[in-house]
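Descriptive structure summary
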Amino acid sequence: MKLEDPKKPDESNSPTNRFFKKVNYRKLLKKRLPILQWLPEYTLIKCLQDALAGFSVGLTEVPQGIAYAIVAGLEPQYGLYSAFLGCFLYTLFGSCKDVNIGPTAIMALMIQPHVEKFGVDGAILLTFFTGIIVFMLGVLNLGFVVQFFSFPVIAGFTSAAAVQIASTQLTSLLGMKKKGNDFLEVMKTVFGNLGDVTLWDPVLGCICIAILLLMKRLSRFGSMKTNPDWSTRRNILGRVYWFLSLGRNALVVVITSVMAYIFKANGQEPFILTGNLTQGLPEIKVPVFDITYNNETYTFGEVMSSFGVSMAFLPMICVLEAIAIAKSFSKGKRVDATQEMLVVGISNFLGSFVGSMPVTGSFTRTAVNNASGVQTQFGGSITGALVLLALALLTSSFSYIPKTVLAAVIICAMISLFEYEAIPLLWKTKKLDLIPFFVTLLACIFIGLEYGILIGIASNIAFVLYSSLRPPITINEEKYPEGEVFIVTPTRGLQFPAAEYIKERVLKDCNSPNATVVVDGKYINSIDATVARNLKSLVTDLTLRDQLVIFWNFKDSVKAVCIGLDQKMHQYFRDGNLDDVIDNPALNRYNSDLNYTIQ
């Protein structure tokens with residue numbers, strides 16, 4: 001019989017083994033595979049409702065996918081390659097029934113400069129690394145990084161993206177051959193080549209914009225839900241209005257494509273058409289790391305160097321959109337940000353193998369999904385199946401879509417994307433927040449989205465730092481029988497950037513000789529060594545001016561830091577009623593033998 005070495009540690013009782021024993025794998029599996037939560041309770045009625053919602057979203061996703069591929073500078077079919085896989089994966093891994101994962105306008109705009117340089121392989125490689133980064137952010141629970149994007153910065157960024165995207169479509173709307181990649185370039189192109197404007201492209205485009213905006217308003221007069229106050233006929237009419245509003249993009253694209261086909265069959269081409277598309281389903285292949293485009297070959301290192309800050313901000317914006325949309329439609333339920341990051345990361349990573357550009361949550365299509373009464377995440381699978389059906393059977397017909405119509409679809413979407421309500425909201429709440437809003441807006445329009453949002457975040461952080469440097473302080477002067485008393489109340493916690501400012505304010509504003517200075521610490525939850533040193537220095541300076549100092553209402557943890565710095569500081573801390581403290585300076589003095597622990 002082999003005896004065990006008594007000195008050898010028991011590996012079965014190691015911290016790692018104890019951790020894995022405590023894990024509830026059944027609960028973890030249901031948490032990370034949410035389909036296991038709703039599938040056992042799935043019914044035929046829910047399936048029919050999901051099918052209707054999925055079909056409704058598909059009517060929006062197909063034309064939007066084509067349009068956003070054009071925004072990115074890709075061939076239209078790549079928008080559809082990006083539109084189906086995320087739908088299927090979200091059915092398995094998604095935590096919010098309403099969310100739709102697919103191509104978005106902002107993602108398309110952010111990759112457009114890289115598509116211009118590296119072509120479709122650049123877009124697919126960006127998708128590949130965006131997926132890896134977002135997935136790792138989820139695994140490491142680093143979703144908090146999006147908290148650095150405040151509302152003014154997000155609103156400014158989103159509005160600037162809407163302006164940029166809408167402006168890049170002006171040349172297509174006007175039937176121009178030349179293109180522009182940003183706001184300034186487009187304006188120069190349009191006003192410098194007005195002679196190239198065709199007749200029927202802008203006419204058709206403007207008519208489509210008017211029709212799309214009017215049809216969007218139809219949803220106000222109808223709903224999928226039955227209104228008990230309406231007659232049967234009125235309810236049916238309401239559903240028709242709602243469905244027309246919902247499918248307005250697809251309807252306009254189909255009608256104008258039929259018009260273009262009829263014209264071409266009769267030997268006329270009054271509109272510039274999208275042109276031939278690659279037919280059929282995408283080919284499954286590994287992303288290319290060394291890219292050859294326009295007779296130029298770029299090594300992997302050169303490609304990554306050119307991507308620059310996009311490698312950081314594409315995943316950040318991707319996470320920001322996905323989590324924000326999930327929270328908007330969670331209806332009070334807790335959103336698992338980690339799960340959302342995991343599914344978006346997986347969708348991008350696997351999507352790169354089928355030619356997808358970067359994808360994330362789409363607010364427009366999620367809103368359509370919600371309004372359509374979707375019951376579970378299975379509605380996304382219906383949408384994905386509809387996109388695959390369009391790729392398999394309808395790709396040839398997409399070549400007849402007039403470019404001006406797709407421009408009209410994009411411009412109308414950007415009209416809704418612009419954050420109009422942000423300006424009056426910020427004006428009413430905090431006017432200073434308008435500064436980071438407009439800084440972000442203008443920087444993103446005139447410098448670029450990536451550097452623009454960096455500048456916006458920097459401007460917002462500057463306001464936060466200034467606020468910590470100059471915390472609000474109230475100083476009240478009161479008369480007591482014992483003499484003049486200044487009550488100094490910092491209305492916010494004190495950190496080291498504000499340490500010197502507090503001291504300077506007290507010395508400047510509490511300058512009456514022989515006065516008593518009372519510092520009220522009821523709002524101060526914690527301090528650091530720098531603040532403690534400045535409080536000690538304040539005591540020294542005021543004592544030299546023959547002024548009495550009292551630190552009143554300070555928490556024990558704050559006292560402990562100061563006394564840890566200098567034991568003599570204990571004599572300046574008081575509690576109790578202020579009148580009693582002023583009347584009897586010796587009241588509630590702490591015993592010098594009392595032990596304090598720095599916390």
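Here we summarise the structure given alongside this text. Just so we're clear, the structure is a prediction, and the values are computed from it rather than from any experiment. (Residues numbered from 1 in each chain as written. Predicted model: local features only at pLDDT ≥ 70, side-chain atom pairs only at ≥ 80, totals over all residues. Heavy atoms only, no water.)

A word on the overall build of the chain. Along the chain, the regular secondary structure elements total 27 helices and 9 strands. For 599 residues, the compact-globule estimate of 2.2 N^0.38 gives 25 Å, and the C-alpha radius of gyration of the chain, at 32 Å, exceeds that figure by more than 25%. Across its three principal directions, the C-alpha atoms of the chain cover 105 × 90 × 65 Å. Scored against the burial criterion, the 599 residues of the chain give a buried share of 48%. In the chain, once contacts between residues fewer than 6 apart in sequence are set aside, the share between residues at least 24 apart is 77%. (Helix = DSSP H or I, 4+ residues; strand = E, 2+ residues; numbered from the N terminus. Rg over C-alpha atoms; globule rule 2.2 N^0.38 Å. Buried < 20%, exposed > 50% of the residue type's maximum accessible area, 1.4 Å probe, protein only. Contact = heavy atoms within 4.5 Å.)

This part is about the packing of aromatic side chains. Per the counting criterion, the structure on display carries 22 aromatic pairs. Judged by centre distance (5.4 Å) and plane angle (75°), the rings of F349 and F353 are edge-to-face. Taken together, the ring pairs connect F128, F129, F289, F300, F349 and F353 into an aromatic cluster. Above the plane of the ring of W230 lies R234, whose end atom (NZ or CZ) is 4.0 Å from the centre. (Phe/Tyr/Trp six-rings, centres within 6.5 Å; stacked < 30°, edge-to-face > 60°. Lys NZ or Arg CZ within 6 Å of the ring centre and 35° of its normal.)

Another point: the side chain of T376. By secondary structure assignment, the location of T376 is in the loop between α18 (363-371) and α19 (378-393). Within polar-contact distance, the side chain of T376 engages the side chain of D50 at 2.5 Å. In contact with T376, other than residues within four places in its own chain, are W38, Y42, K46, D50 and K97. (Polar contact = N/O pair within 3.5 Å; in protein donor to acceptor, adjacent residues only side chain to side chain.)

Another point: the sheet that holds strand β7 (residues 516-520). Spatially, the 5 strands line up as an open sheet ordered β5-β6-β7-β8-β9, and their pairing is mixed. Strands with a single pairing partner mark the edges of an open sheet, and in this sheet they are β5 (473-480) and β9 (573-574). Relative to β7, strand β6 (residues 483-490) runs parallel, the two being bridged by 4 bridges. Looking at β7, one finds that I487 is bridged to V518. Strands β5, β6 and β7 of the sheet are contacted by helix α24 (residues 499-509), whose axis makes an angle of about 35° with β5. (Pairing = 2+ DSSP bridges. Axes fitted to C-alpha atoms, helices over the stretch in contact; angles between N-to-C directions.)

A few words on unusual backbone geometry. Residues other than glycine seldom take positive phi values, yet N295 does so here, at roughly 60°. Among the secondary structure elements, N295 is positioned in the loop between β2 (291-293) and β3 (296-298). Residue N295 is classed as exposed on the basis of its relative accessible area of 80%. Of note in this structure, N514 is not a glycine but carries a positive phi near 60°. A relative accessible area of 57% places N514 in the exposed class.

Let us now look at the packing of α24 against helix α25 (residues 529-544). Here α24 crosses α25 at 20°, and the two axes come no closer than 9 Å. The orientation of α24 relative to α25 falls into the category roughly parallel. In the crossing of α24 with α25, the sense of the turn from one axis to the other is right-handed. For the pair α24 and α25, contact is made by A499, E500, K503, V506 and L507 and by T530, V531, N534, S537, L538, D541 and L542, respectively. Here the contact of α24 with α25 is composed, by residue class, of 6 nonpolar, 3 polar and 3 charged. (Parallel < 35°, antiparallel > 145°, perpendicular 65-115°, else oblique. Left-handed = near helix turned anticlockwise from the far one by under 90°. Nonpolar A, V, L, I, M, F, W, Y, C, P; charged D, E, K, R; others polar.)

Here the focus is the environment of V309. By secondary structure assignment, the location of V309 is in the loop between α15 (300-307) and α16 (310-328). We classify V309 as partly exposed; its relative accessible area is 25%. In this structure, the C-alpha to C-alpha distance between V309 and Y451, residues 142 residues apart in sequence, is 8.1 Å. Discounting chain neighbours no more than four positions away, the residues touching V309 are E450 and Y451.

Any two packed helices are characterised by how steeply their axes cross, that is the angle between the axes, and by the distance between the axes. Running from N to C, helix α6 (residues 85-93) and helix α17 (residues 337-351) cross one another at 145°; their axes reach a closest spacing of 9 Å. By crossing handedness, the relation of α6 to α17 is classed as right-handed. For the pair α6 and α17, the contacting residues are L85, G86, L89, Y90 and F93 in the first and Q339, E340, V343, I346, S347, L350 and G351 in the second.

Together, L184, I423, F438, L442, F446, I447, Y451, L454 and I455 line one region of the surface with nonpolar side chains, adding up to about 790 Å² of accessible area. Elements supplying a minimum of two residues to the nonpolar patch: α22 (434-446) and α23 (449-469). Relative to the assigned elements, I455 resides in helix α23. (Patch = residues over 30% accessible without salt bridge, like charges linked within 9 Å, V, L, I, M, F, W, Y side chains within 5 Å. Areas by Shrake-Rupley, 256 points an atom, 1.4 Å probe, with all protein chains shown as cover. Salt bridge = Lys/Arg side-chain N within 4 Å of Asp/Glu carboxyl O.)

Mapping D201 onto the fold places it in helix α12 (residues 200-217). The charged side chain of D201 is buried without a salt bridge, its nearest counter-charge being K177 at 7.8 Å. In this structure the side chain of D201 is engaged in a polar contact, spanning 2.9 Å, whose partner is the side chain of T198. Leave out the neighbours within four places in its chain, and D201 touches L173, L174, G175, P270, F271, I272 and T404. (Lys, Arg positive; Asp, Glu negative; His and termini not counted.)

Read these as layout, nothing more, since geometry by itself doesn't imply function.
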